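Structural overview for review
Each chain is listed here by its residues.
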Amino acid sequence: MGKRRTSYDVVVVGGGHAGIEAALAPARLGLSVLLVTFDRRAIGRMSCNPAIGGLAKGHLVREIDALGGEMGLAIDDTGTHFKMLNRSRGPAVHGPRAQADRDAYATRMRGAVERQRRIDVAEDEVLAVAAMGGRVRGVITAARGEIESDAVIVTAGTFLSSRIYVGDKKTAGGRLGETSAEALSASMKKLGFETARLKTGTPPRILGATVDWSRTTEQKPDLPPTPFSFRTERIIRPQVSCWITGTSEATHDVIRKNLHLSPLFAGRIEGVGPRYCPSIEDKVVRFADNPSHHVFLEIEGGRDDLVYPNGLSTSLPREAQQRFLRTIPGLERCEIAVPGYTVEYDFFSTHQIGPSLETRLIERLFLAGQVNGTSGYEEAAAQGLMAGINAARAIRGEPPVILGRAEAYIGVLIDDLVTCVPTEPYRMFTSRAEYRLLLRHDTADIRLAPTGARIGLLPEKVAARAVERDRLADEEVARLEKRLVPPDEANRLITAAGGVPVKEATRLAALLKRPEIRMSAIPAAMVGTPRPPEPVRREAEVRIKYAGYVDRQKRIVERFETMEKRAIPENFDYDVIGGLSREGAEKLKRFRPGRLGIASRIDGVTPADISLVVVYLDRIERTKRKEAPR
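We now turn to the structure provided with this report. The structure presented is a predicted model; accordingly, all values stated were derived computationally and were not measured.

Further remarks concern the pattern of salt bridges. Charged atoms that come close allow side chains of opposite charge to pair. On inspection of all chains with the given rule, the structure shows 49 salt bridges. A salt bridge links R40 to E114; its shortest N-O distance comes to 3.0 Å. Of this pair, R40 sits in the loop between β2 (33-37) and β3 (51-53) while E114 sits in helix α4 (residues 102-115); the two residues are 74 residues apart in sequence, bridging distant segments of the chain. With relative accessibility at 30%, the residue R40 sits in the partly exposed group. Taking relative accessible area as the criterion, E114 reaches 38% and is therefore assigned partly exposed.

So, on to unusual backbone geometry. Most peptide bonds take the trans configuration, and most residues that are not glycine carry a negative phi. Cis rather than trans, the peptide bond between L223 and P224 has omega equal to -5°. By the element assignment, P224 lies in the loop between β14 (217-219) and β15 (242-246). At N86, a position not held by glycine, the phi torsion is positive, near 65°. Position of N86 relative to the elements: it lies in the loop between β4 (79-85) and β5 (95-100). Looking at N86, the relative accessible area reads 23%, which means it is partly exposed. The backbone of R118 sits at a positive phi, close to 80°, despite the residue not being glycine. Inspection of the secondary structure puts R118 in the loop between α4 and β6 (119-123). Owing to a relative accessible area of 33%, R118 belongs among the partly exposed residues under this scheme.

Residue placement: R440 occurs in the loop between α10 (409-419) and α11 (444-455). For R440, a relative accessible area of 6% gives the class buried. Discounting chain neighbours no more than four positions away, the residues touching R440 are H59, P91, A92, R447, E539 and V542.

Topologically, I517 is positioned in the loop between α14 (508-512) and α15 (524-527). Relative accessible area serves as the criterion here: at 1%, I517 is assigned to the buried category. Here I517 is in contact with L493, I494, A497, L511, L512, I522, E541 and K545, once residues within four sequence places are set aside.

In this section: the packing of aromatic side chains. Tallying each qualifying case throughout the model produces six aromatic pairs. For the pair F193 and F348, a centre-to-centre distance of 6.0 Å together with 65° between the ring planes defines the contact as edge-to-face. Residue F193 is found in the loop between α5 (182-190) and β12 (195-202), and its partner F348 is found in strand β19 (residues 341-348); the two are separated by 155 residues along the sequence. There is no split in this pair, since F193 and F348 are both buried. Ring centres of Y546 and Y549 lie 6.4 Å apart, and the angle between their planes is 50°; this geometry places the pair in the tilted category. A relative accessible area of 24% places Y546 in the partly exposed class. Here R5 stacks its cationic end above the ring of Y8, 4.3 Å away from the centre of that ring. Directly above the ring of Y616 sits R619, whose terminal nitrogen or CZ lies 4.6 Å from the centroid.

It is worth spelling out the sheet that holds β3 at this point. What the three strands build is an open sheet, ordered β3-β5-β4; its pairing is antiparallel. Across the chains shown, the open sheet's two edge strands, defined by having one partner strand only, are β3 and β4. For this sheet, the mean angle separating the axes of adjacent strands, direction not counted, is 20°. Where β4 lies against β5, six bridges are found, and the strand directions are antiparallel. Bridge pairing links K83 to R97 in β5.

Time to look at the pairing of strand β9 (residues 145-154). Two strands pair when backbone bridges link them, and strand β1 (residues 7-13) and β9 are joined in this way by six bridges, in the parallel orientation. Considered in β9, the bridge of V11 is made with V152. Relative to β9, strand β8 (residues 135-141) runs antiparallel, the two sharing four bridges. Bridging from a neighbouring strand, T141 pairs with G145 of β9. Between the antiparallel neighbours β8 and β9 lie three residues. In this structure, β9 lies alongside strand β20 (residues 365-367), joined through three bridges in parallel fashion. Residue pairing in the sheet places I153 in a bridge with F366 of β20.

Here we come to the sheet that holds strand β11 (residues 169-172). In spatial order, the strands read β11-β10-β19-β12; together these four strands make up an open sheet with antiparallel pairing. Where the open sheet ends on each side, the last strands, each with one partner, are β11 and β12. Adjacent strand axes in the sheet meet at a mean angle of 25°, parallel and antiparallel pairs treated alike. Summarising the sheet, β12 and β19 pair through eight bridges and their orientation is antiparallel. Its bridge partner lying in β19, L198 is registered against Y345.

For the rest of this paragraph, the subject is helix α17 (residues 547-565). An ideal rise of 1.5 Å per residue puts 27 Å on 19 residues; α17 measures up with 26 Å between its terminal C-alpha atoms. Approximately 35° is the largest bend angle found in α17, and it occurs at R559. All of the buried residues along α17 are V550, Q553, V557 and E564. Of the surrounding elements, those touching the buried residues of α17 are α19 (596-600).

Rules behind the numbers
- Residues numbered from 1 in each chain as written.
- Predicted model: local features only at pLDDT ≥ 70, side-chain atom pairs only at ≥ 80, totals over all residues.
- Heavy atoms only, no water.
- Salt bridge = Lys/Arg side-chain N within 4 Å of Asp/Glu carboxyl O.
- Helix = DSSP H or I, 4+ residues; strand = E, 2+ residues; numbered from the N terminus.
- Buried < 20%, exposed > 50% of the residue type's maximum accessible area, 1.4 Å probe, protein only.
- Contact = heavy atoms within 4.5 Å.
- Phe/Tyr/Trp six-rings, centres within 6.5 Å; stacked < 30°, edge-to-face > 60°.
- Lys NZ or Arg CZ within 6 Å of the ring centre and 35° of its normal.
- Pairing = 2+ DSSP bridges.
- Axes fitted to C-alpha atoms, helices over the stretch in contact; angles between N-to-C directions.
- Expected span 1.5 Å × (residues − 1).
- Bend = angle between axes of the 7 residues up to and from the residue.

Below is the structure:
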């Protein structure tokens, strides 16, 4: 057996969704990487919901893919139930989602890591991050001792000083049956990092053979399914249905009678949980007038015949979980395989990281995933990818890649984190993106593939396809804007769609701007030939229908771009600015925003505060010009 390596370019701590992308990116860019995890079999394990994507989260996955990440390819290979959410609404808020075969997904991701050249995987525990003179120098592990590296990325998920609660039982662990990272959390605090506590929960898993499916409502998948990755031609894995049922008053009665046994309501849990994904105990108390709550029965796949009852997150004792489950239609005879539980854990207050995800305290130490207070596989993977990219670029002496809010949901996610410390697990929503018409999930490749290729993670031919689709869509829009349709032909189409007839020849683009007329309803003879591929036609249609709104958003972006990009020096002295609000001065000194746009979005910083900062920035620039040699 050869001697173990004691030096790597990058060390990644944790093998979850953030850790996978954080390890793959620098390895694919030519650097040596060590991924340290408690158990290599747990790499890519889905701790909670066996699904990827959803509203806004699906946008993140497609952006990860467009930049050259792995998550989209993995779910395309292992997804069992693909669904496009929000189809009845505008395209900006459509959300691709897919249930996964839980075991197959983890196996697929573990294989991607283990097959990747330049990645070593160590089953070990990181006890501390080693630093000297304000720069990271590696990590100290339980089994291998000190490992030197030029960059460290901490992606420890929910494992930092983590505790698991099931009723009155409390155990150390970041996932049921797994351990907790006690020493790493303590060592980071010794280095000067501030932490706080959050919590997250998961439902019980039920044996599929004990469910009466006839008492539930079937939800079929989309056929054909829409892939997440722009590199996937089609989904070949067989698709399955999921099923819907709901709680009843009898369910709520059982829960109310056992609330005193819930660690959350008994006050044993300090951390704050996700408001948008409350436990069933929370729902029963907060929405007392609601007689029923939906429960989605999702097949986990694999050999264990497990069902995930989405909507029933709980930390009640196992016996109470069994009792309330059996009051739900279809689950009257169900058996629990794994009880639901709550995890409480440390996270790092995000004023301690910059837009590159590098910590402000220690150079080349990066934080990504739930250690930054986020929730969800997709948010974690997006941060892991950007941390991996920026760690590699820092080592090479290259500037970081920082995506703007008008460029990507990933940009929105990271900008939100560095301007406001999460007070609950952060989840991405389309409502968080003020420029969401520019950030549709199906344009992620057009927006980001050239960047992915420039970084070196995405094949040039994939980026070229995105550029070509963009060009062809523009050409199709121009063609439709030129093509005139006689009034009789136009009115046949308009009348069939229930619209108001026209009296003169009308351009096809004008017809498509009507909400009731779709491209698919326009006869081929009316459009003319040759017709471009369907994805190009779909993109051209959306550009025409939403042109006015998109142009308005682009003008807003241009207007704010000057302020957004104006730099604030790292050592800027806010104490010399008279008139700053007390909270504004405190937040600006705490977050140390590198750009004026970021400063303007920090919670508690007022427009008046920003105006004063601009005055002082102008004064500094005038002084520099006067002092510059002539």
